[in-house]
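# Coordinate inspection notes
Spelled out, the chains give:
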Amino acid sequence: MSSTRNVLLGTAVACIALIGGALYMQHYKDMLPCPYCVIQRYLFLAVAFFCLVGASMANPRPGALLGMLAAMGGAGVAARHVWIVAHPGLSCGIDPLETMLNKIWPATYLPMLFRADGLCEDALAPLLGLSLPQWSCVWFGMFTLALAWVVVKRR
């Protein structure tokens, strides 16, 4: 298997593992996801999906490019979430974003994964010195760089 496919499959596995970690924290640590957390979940799943599609194709670049774009979008959402946590007067609380996210079909059929019930500004205990939105930003950044390498790599 080529190094390109290894990067794509490793990225997909890491994204799915991060979703598993988020579900663990939600269901066993009672950390309810906010709307930005749910959007990040969608984007982690999009990165994983595009990486798996790219790994299964003869030319992995289109899948890697779409995965990279999803990772860049995720980094932007995570950065916005970090900013909201840093400015506690702001909240995404019960707003149109939460209402919209909770009414689309993935949230109605898989509420354990896609239902937004938490507050964005909740200050949670840091994990190894970083908050969860900061960790999301780091992971999305690493995925963006790894997938950019796949896109620009020569055969």
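A few points on the structure. Predicted, not measured: the structure shown is a model, and the values here were computed from it.

The helix and strand tally for the protein chain stands at seven helices and zero strands. Traced from its N-terminal end to its C-terminal end, the protein chain shows the element sequence α-α-α-α-α-α-α. For the protein chain, buried positions account for 37% of its 155 residues. For the protein chain, contacts bridging at least 24 residues in sequence account for 82% of all contacts bridging at least 6. A total accessible area of about 8500 Å² is found for the protein chain, and carbon and sulfur atoms account for 71% of it.

What follows concerns helix H3 (residues 61-86). The terminal C-alpha atoms of H3 lie 37 Å apart, and with 26 residues this matches the ideal 38 Å at 1.5 Å per residue to within 8%. What H3 keeps buried is the set Gly63, Ala64, Gly67, Met68, Ala70, Ala71, Gly74, Ala75, Val77, Ala78, His81 and Ile84. Residues of H3 that are buried in the fold lie against helix H1 (3-28), helix H2 (35-56) and helix H7 (132-152).

A complete count under the given rule lists five aromatic pairs for this structure. Summarising the aromatic geometry, the rings of Phe44 and Phe140 are spaced 4.0 Å apart at their centres and angled 10° between planes, so their arrangement reads as stacked. One end of the pair, Phe44, is in helix H2; the other, Phe140, is in helix H7, with 96 residues separating them in the sequence. Among the aromatic residues, ring-to-ring pairing joins Phe44, Trp139, Phe140 and Phe143 into one connected group.

Below, the discussion takes up the side chain of Thr144. Tracing the backbone shows Thr144 in helix H7. When sequence neighbours within four positions are dropped, the list of residues in contact with Thr144 reads Met68, Ala71 and Met72.

Here we take up the packing of H1 against H2. Where H1 contacts H2, the two axes come as close as 8 Å, and the packing angle between them is 155°. As far as their axial angle goes, H2 and H1 are roughly antiparallel. Crossing of H1 over H2 shows left-handed handedness. Contact with H1, carried on its side by Arg5, Leu8, Leu9, Thr11, Ala12, Cys15, Ile16, Leu18, Ile19, Ala22, Leu23 and Gln26, involves Arg41, Phe44, Leu45, Val47, Ala48, Cys51, Leu52, Gly54 and Ala55 of H2 and no other residues of that element. Across the contact of H1 with H2, the residue classes break down as 16 nonpolar, three polar and two charged.

So, on to a nonpolar patch on the surface. On the surface, Leu65, Leu66, Leu69 and Met72 cluster together to form a nonpolar patch covering roughly 350 Å² of accessible area. Within the secondary structure layout, Leu66 lies in helix H3. Residue classification places Leu66 among the partly exposed positions, given a relative accessible area of 41%.

What follows covers the side chain of Gln40. In this structure, Gln40 sits in helix H2. A relative accessible area of 3% places Gln40 in the buried class. Within the local environment of Gln40, its side chain forms a polar contact with the side chain of His81, the two groups lying 3.2 Å apart. Sequence-distant contacts of Gln40, defined by excluding residues within four places in its chain, comprise Val77, Ala78, His81, Ser136 and Phe140.

Conventions used here
- Residues numbered from 1 in each chain as written.
- Predicted model: local features only at pLDDT ≥ 70, side-chain atom pairs only at ≥ 80, totals over all residues.
- Heavy atoms only, no water.
- Helix = DSSP H or I, 4+ residues; strand = E, 2+ residues; numbered from the N terminus.
- Buried < 20%, exposed > 50% of the residue type's maximum accessible area, 1.4 Å probe, protein only.
- Contact = heavy atoms within 4.5 Å.
- Areas by Shrake-Rupley, 256 points an atom, 1.4 Å probe, with all protein chains shown as cover.
- Expected span 1.5 Å × (residues − 1).
- Phe/Tyr/Trp six-rings, centres within 6.5 Å; stacked < 30°, edge-to-face > 60°.
- Axes fitted to C-alpha atoms, helices over the stretch in contact; angles between N-to-C directions.
- Parallel < 35°, antiparallel > 145°, perpendicular 65-115°, else oblique.
- Left-handed = near helix turned anticlockwise from the far one by under 90°.
- Nonpolar A, V, L, I, M, F, W, Y, C, P; charged D, E, K, R; others polar.
- Patch = residues over 30% accessible without salt bridge, like charges linked within 9 Å, V, L, I, M, F, W, Y side chains within 5 Å.
- Salt bridge = Lys/Arg side-chain N within 4 Å of Asp/Glu carboxyl O.
- Polar contact = N/O pair within 3.5 Å; in protein donor to acceptor, adjacent residues only side chain to side chain.

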